[in-house]
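Listed here are the chains, written in short residue letters.
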Amino acid sequence: MSSLINFYQKIDINFTQGDGCYIWDDAGNKYLDMTSGVGVNNLGHKNDEINREINQQIEHYIHLSNLFTHQWSKKLSDKLVEISNLNAAFFCNSGTEANETAIKIAKLYAHENKIKDPKIIVMKHAFHGRTIGALSATGNNKYKQQFGKLLDDFIFVDFNDIDDLQAKLEQHHVCAVMLEPIQGEAGVNISSTLYLKQLRKLCHQYQCLLIFDEVQCGLGRTGYWFYHQKAEIIPDVLTLAKGLANGLPIGACLVSEELNNLLKPGMHGSTFGGNPLVCRVAYKVLEIIERDQFVQKNREKGEYFINKLQSKFTSVRGIKSIRGMGLMIAIELDEEVFNISEKMLINHKILINVTQNKIIRLLPSFFISEYDINYFCENLYCFMKNNLNL
Ligand SMILES: Cc1ncc(COP(=O)(O)O)c(C=O)c1O
């Protein structure tokens, strides 16, 4: 029996080396990585520029307590403020912690505004993380049912349904609405621009906060710095993590000016959050995304990828839908097929991620080439042929 707690169903392959979109096992087999560590290694494995930043920073120091200042958290928050049009950032270590921060801010906002029995509206099928607060906001019982009574602050509504949202705003004292503008774990469900615009309007009208969780869909992946920018709106709170430091642990919670004025020393904190090493790397990540115009390129690559998939698979039996935005793409099958990712890994040497046994979720590195995209499509077609009797 393994000395690791069995929380993950791991595939028994020992990966030893990565480079860009590729990764090698200890037997020297090369694999195409279409997952980027579930949307984390956006700038590829073993990125030389990132490694240089890490090496330079460890020559100075790795950690400094949050009781003192350093240049990298300031540079990083300035950059995030610039690209998000929000006002200030708090740094933590993961997506779930960023969402905990957002939930605490919503509760604080309710307290300051004397909202009685305040509720936070969240979405069915949402995924916000595994800590008790973030789990309570998660709209999937699979992750919650074993853990007894969770927070009762949340009201669940249908995703992308403005009438359901408005009805709940009427029925409850709502202090915030929190959602992923593109649901990731649920299988790349994309909210419409119209919905996002209406949502912004309603949150102003009902004087509640609008919180976007862009932990998975943020930071250029969808062809926008942040997906909600497609609707030309600004939330009150924005949470980020995953690809922000290309694999070093970081989360961020960004807030509007009004909220920034509300937040005071001692209300929240984190020992490791915002340390110089991770902030320096995250700052470099943002510089590279901007310098190499990945936001625009991801939009174009995504269109190429989705067109390619649609032309190859749309009329194929067994495929329900192909959808995506930039390099966040889903191929949904009609029925559940077990062990898809294991079979793709072993037989085709491709890493993919599958949710609900029937939605293939692709989150490749921003360095993915047209050659890799074509190679992936050919291999997926072979897989379908052999396993789904096309
Ligand atoms: C949208 C979203 N929010 C929050 C999280 C939780 O992030 P973490 O695993 O870094 O805690 C995830 C993780 O998959 C996510 O996709």
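Owing to the predicted nature of the structure, the values given are computational and were not obtained by experimental measurement.

J.: Just checking my understanding: could you explain unusual backbone geometry for this structure?
T.: The phi torsion of most residues other than glycine is negative, and most of the peptide bonds are trans. With phi around 50 degrees, Lys46 is a residue other than glycine that occupies positive phi space. For Lys46, the location among the structural elements is in the loop between helix H1 (36-39) and helix H2 (48-58). With a relative accessible area of 42%, Lys46 lands in the partly exposed category. Phi at Asn339 is positive, roughly 60 degrees, even though this residue is not glycine. Within the fold, Asn339 resides in the loop between strand S14 (328-333) and helix H11 (340-348). Exposure remark for Asn339: the relative accessible area of 43% places this residue in the partly exposed category.

J.: Would you mind going over the sheet that holds strand S4 (residues 88-92) with me for this structure?
T.: Strands belonging to one sheet form pairs held by backbone hydrogen bonds; the direction of such a pair is parallel or antiparallel. Ordered by their spatial adjacency, seven strands build an open sheet running S4-S12-S11-S10-S7-S5-S6, and the pairing between neighbours is mixed. Single-partner strands in this sheet number two, and they are S4 and strand S6 (154-157). In this sheet, adjacent strand axes meet at a mean angle of 20 degrees when their direction is disregarded. Bridge count between S4 and strand S12 (residues 251-255): five bridges; the pairing is antiparallel. Opposite Ala88, over in S12, you have Val255 as the bridge partner. Helix H7 (residues 193-205) rests against strand S5 (119-123), strand S7 (174-179) and strand S10 (209-213) of the sheet, and its axis sits at about 145 degrees to S10.

J.: When you look at a nonpolar patch on the surface in this model, what are you seeing that I'm missing?
T.: Residues Ile5, Phe7 and Tyr8 make up a contiguous nonpolar surface patch of about 460 Å² in total accessible area. By secondary structure assignment, the location of Ile5 is in the segment before strand S1 (15-19). Ile5 sits in the exposed class, given a relative accessible area of 65%.

J.: Looking at this model, I keep getting lost on the site of the ligand. Mind explaining?
T.: Close contacts around the ligand come from Ser94, Gly95, Thr96, Asn99, Phe127, His128, Gly129, Glu180, Asp213, Val215, Gln216 and Lys242, and that covers them all. One of the backbone N or O atoms of Gly95 is found 2.8 Å from an oxygen atom in the ligand. Contact between the ligand and Gln216: an oxygen atom at 2.8 Å from a side-chain N or O atom of the residue. Alone, the ligand offers 390 Å² of accessible surface; in the complex the protein occludes 81% of this. No other element matches helix H4 (residues 95-112), which puts three residues into the shell around the ligand. Here the shell around the ligand is built from residues that sort into two nonpolar, seven polar and three charged.

J.: Help me understand the domain arrangement of the protein chain in this model?
T.: A common way to state how big an interface is: give the accessible area lost once the parts meet. If you check the domain split of the protein chain, you get domain 1 (15-46 + 293-388) and domain 2 (49-292). In this structure, domain 1 and domain 2 have C-alpha centres spaced 26 Å apart. For the pairing of domain 1 and domain 2, the buried interface totals around 2,500 Å² over both sides, and the portion due to carbon and sulfur atoms is 56%. If you look at where domain 1 meets domain 2, you find one salt bridge. Residue Glu185 pairs with Arg361 through a salt bridge whose shortest N-O separation is 3.0 Å. Taken together, domain 1 and domain 2 are joined by 23 residue pairs in polar contact (both at pLDDT 80 or more). Contributions of two or more residues to the side of domain 1 that touches domain 2 are made by H1, helix H10 (294-313), strand S13 (319-325), S14 and strand S17 (359-362). Among the elements that line the side of domain 1 that touches domain 2, the one with the most residues is H10, at five residues. Class assignment for the residues of the side of domain 1 that touches domain 2 results in 14 nonpolar, eleven polar and five charged.

Quick notes on the rules
- Residues numbered from 1 in each chain as written.
- Predicted model: local features only at pLDDT ≥ 70, side-chain atom pairs only at ≥ 80, totals over all residues.
- Heavy atoms only, no water.
- Helix = DSSP H or I, 4+ residues; strand = E, 2+ residues; numbered from the N terminus.
- Buried < 20%, exposed > 50% of the residue type's maximum accessible area, 1.4 Å probe, protein only.
- Pairing = 2+ DSSP bridges.
- Axes fitted to C-alpha atoms, helices over the stretch in contact; angles between N-to-C directions.
- Contact = heavy atoms within 4.5 Å.
- Patch = residues over 30% accessible without salt bridge, like charges linked within 9 Å, V, L, I, M, F, W, Y side chains within 5 Å.
- Areas by Shrake-Rupley, 256 points an atom, 1.4 Å probe, with all protein chains shown as cover.
- Salt bridge = Lys/Arg side-chain N within 4 Å of Asp/Glu carboxyl O.
- Near = heavy atom within 4 Å.
- Polar contact = N/O pair within 3.5 Å; in protein donor to acceptor, adjacent residues only side chain to side chain.
- Nonpolar A, V, L, I, M, F, W, Y, C, P; charged D, E, K, R; others polar.
- Domains from an automatic or database assignment.
- Buried area = accessible area lost by both parts, 1.4 Å probe.

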